[in-house]
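If you want the building blocks of each chain, they are given just below.
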Amino acid sequence: MTAMQPDEQLAVVLDASDPLPTRRAEFRVPPFGTGEAAYLAGNSLGLQPRALRERLETELDDWARLGVEGHTQARRPWLPYHELLREPAALLVGARPEEVVVMNSLTINLHLLMVSFYRPTPRRHAIVIEDSAFPSDSYAVRSQAAFHGFDPDEAVVRTDDVAAYLDEEGERVALVLLGAVNYFTGELFDIDAITAAGHAAGAVVGWDLAHAAGNVPLRMHDSGADWAAWCSYKYLNAGPGSLAGVFVHERHLADRALPKFAGWWSTDPRTRFEMAPAVTPVDTADSWQVSNPPILAMAPVLLSLEMFGQTGMEALRAKSMRLTDYLASLLAQVCAAGKAEVITPPDPGRRGAQLSVRISGRDVRPLTERLRDEFGVYTDARSPDVLRLAPVPMYNTFHDCWRAAAALAAVLDD
Ligand SMILES: Cc1ncc(COP(=O)(O)O)c(C=O)c1O
């Protein structure tokens, strides 16, 4: 075995002395050689918790053993299963339990929420998104504008300065929809301030929390935001394409005038099986549900939320800042030669776990492949020239950060 360099030794010491022990051993980390990869792609797809297999087997066994009776007789009965997720999901995003529900996928939820909260008029029909919004959000808002008969090129405004746009053109804005943490740059927006600015302009304000949920502490209720949605396959580790969450602010919950697309899961569960032809509304976020939930997809979300509840978002955020600050300091050395540049805000309060590195003039995709195949370092590429690395506090270590920075330095040197 080769002796460790002092900087690697420091990473090992930081891991041993950190006040929040890693839960890495509770996850299945992709193998590399005889050891494990340094997996810094949890902002794209989180790792699999080891406990998940047993959780899924429980549901499979109950289904095998009970058939349809599992709806009421399963160890976790399926009919009210989604209610188990309500409190922990609310805790995760800083909401009241009645304000959240876990259902569907993220973009589907954006659409269902825009059915209620994008109510354009000829004078006020613009939708403001960030300039580097995730494409799915852009496609979703453009299709909503078109659905209402507006020209998406005119109705959808992409801007880097939302506050300035609201100041100048606020009276034409119907909806502001932003990613709380931008998927590309990793910037964390000021949710309270932008929500207040949107409301002052007379607009509805919704948030895409895909890169924020499980990454930074959130206070969605107190922010006053009208609604939000998030997925749970990134920082929440609930598996590829796993179910998404929805937040609707309390002040909208009893508004019977809001249009919604309904199904049998929208109606009051106490009378659901009376098979009435019309919905009996409930005054919770549950009324945005449409279909009965997929239990096999919900089990991983429940496990994930339990794990986040055990560690707590505040402790995770504190560790996340320690890890990301450390990685940022290493990347500053790697970037010193001028071949790369970190484009994420340097202020730890204005970013989550993710750091985005621009490598101008290089195709980053083969670079990520080299990092993975030669060094066991998982990152991801975002076109055209950005590499994203996210030390995830649940399972990443200071040593993972050291490995990532050392590998990046090596491939940039070539
Ligand atoms: C910010 C953002 N919005 C939307 C999506 C799309 O999510 P889904 O495919 O679950 O609808 C993603 C996926 O990564 C995302 O990062």
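Residues numbered from 1 in each chain as written. Predicted model: local features only at pLDDT ≥ 70, side-chain atom pairs only at ≥ 80, totals over all residues. Heavy atoms only, no water.

A. Examining the sheet that holds strand 12 (residues 244–248) more closely. Read from one edge of the open sheet, 7 strands run 6-12-11-10-9-7-8, paired in mixed fashion. Either end of the sheet is taken by a strand with one partner, and the two such strands are strand 6 (100–103) and strand 8 (156–159). The sheet shows a mean angle of 20° between the axes of neighbouring strands, direction not considered. Sheet analysis places strand 9 (residues 173–179) next to strand 10 (residues 204–208), joined by 5 bridges and oriented parallel. Bridging from a neighbouring strand, V176 pairs with V205 of strand 10. Packing against the sheet, helix 8 (residues 162–169) makes contact with strand 7 (126–130), strand 8 and strand 9, and its axis sits at approximately 180° to strand 9. (Pairing = 2+ DSSP bridges. Helix = DSSP H or I, 4+ residues; strand = E, 2+ residues; numbered from the N terminus. Axes fitted to C-alpha atoms, helices over the stretch in contact; angles between N-to-C directions. Contact = heavy atoms within 4.5 Å.)

B. Geometry of a nonpolar patch on the surface. The grouping of L60, W63 and L296 at the surface amounts to a nonpolar patch, some 300 Å² of accessible area in total. Locating L60 in the fold gives a position in helix 2 (residues 52–66). (Patch = residues over 30% accessible without salt bridge, like charges linked within 9 Å, V, L, I, M, F, W, Y side chains within 5 Å. Areas by Shrake-Rupley, 256 points an atom, 1.4 Å probe, with all protein chains shown as cover. Salt bridge = Lys/Arg side-chain N within 4 Å of Asp/Glu carboxyl O.)

C. Examining the pairing of strand 14 (residues 355–358) more closely. Where strand 13 (residues 341–342) meets strand 14, 2 bridges bridge the pair, whose relative direction is antiparallel. Within strand 14, the position partnered with V342 by the bridge is V357. Pairing analysis gives 4 bridges linking strand 14 to strand 17 (residues 386–389), with the strands arranged antiparallel. Within strand 17, the residue paired with S356 across the bridge is R388.

D. Molecular detail of the site of the ligand. Within the structure, the ligand sits among L106, T107, F134, S136, D137, D208, A210, H211, Y233 and K234. Here T107 contributes a side-chain N or O atom positioned 2.5 Å from an oxygen atom of the ligand. In this structure, a nitrogen atom belonging to the ligand sits 2.8 Å away from a side-chain N or O atom of D208. Taking 400 Å² as the accessible area of the ligand by itself, protein coverage stands at 81%. When contributions to the shell around the ligand are tallied by element, the ones reaching two or more residues are helix 5 (106–117) and helix 6 (135–147). (Near = heavy atom within 4 Å. Polar contact = N/O pair within 3.5 Å; in protein donor to acceptor, adjacent residues only side chain to side chain.)

E. Structural view of the packing of helix 2 against helix 12 (residues 295–311). Put simply, helix 2 and helix 12 touch, their axes get as near as 9 Å, and they point 140° apart. Taken as axis vectors, helix 2 and helix 12 run oblique relative to one another. Regarding helix 2 and helix 12, the two cross each other, and that crossing is right-handed. Across the interface between the two elements, L52, R55, L56, E59 and L60 of helix 2 pack against I295, L296, A299, P300, L302, L303 and E306 of helix 12. (Parallel < 35°, antiparallel > 145°, perpendicular 65-115°, else oblique. Left-handed = near helix turned anticlockwise from the far one by under 90°.)

F. A look at the sheet that holds strand 16 (residues 380–382). With antiparallel pairing, the 4 strands of this open sheet are ordered in space as 13-14-17-16. The open sheet is flanked by strand 13 and strand 16, the only strands paired with a single partner. Relative to strand 17, strand 16 runs antiparallel, the two being bridged by 3 bridges. Within strand 17, the position partnered with D380 by the bridge is R388. Along the sheet face, helix 13 (residues 313–335) touches strand 13, strand 14 and strand 17 and points at about 10° away from the line of strand 14.

G. A look at the nonpolar core. Membership of the largest hydrophobic core comes to 68 residues, with the highest contact counts inside it found for V93, V176, W207, L209 and M220. If you tally residues by element for this core, the top one is helix 12, at 9 residues. Membership of the second largest hydrophobic core comes to 32 residues, among which are I129, L177, A229 and A285. (Core = buried A, V, L, I, M, F, W, Y, C linked by side-chain atoms within 4.5 Å. Buried < 20%, exposed > 50% of the residue type's maximum accessible area, 1.4 Å probe, protein only.)

H. A look at unusual backbone geometry. In this structure, P384 follows S383 across a cis peptide bond, with omega equal to -5°. Within the fold, P384 resides in the loop between strand 16 and strand 17. The phi angle at N104 is positive, at roughly 55°, despite the residue not being glycine. Since its relative accessible area comes to 25%, N104 is described here as partly exposed. The phi dihedral of N237 is positive, around 60°, even though this residue is not glycine.

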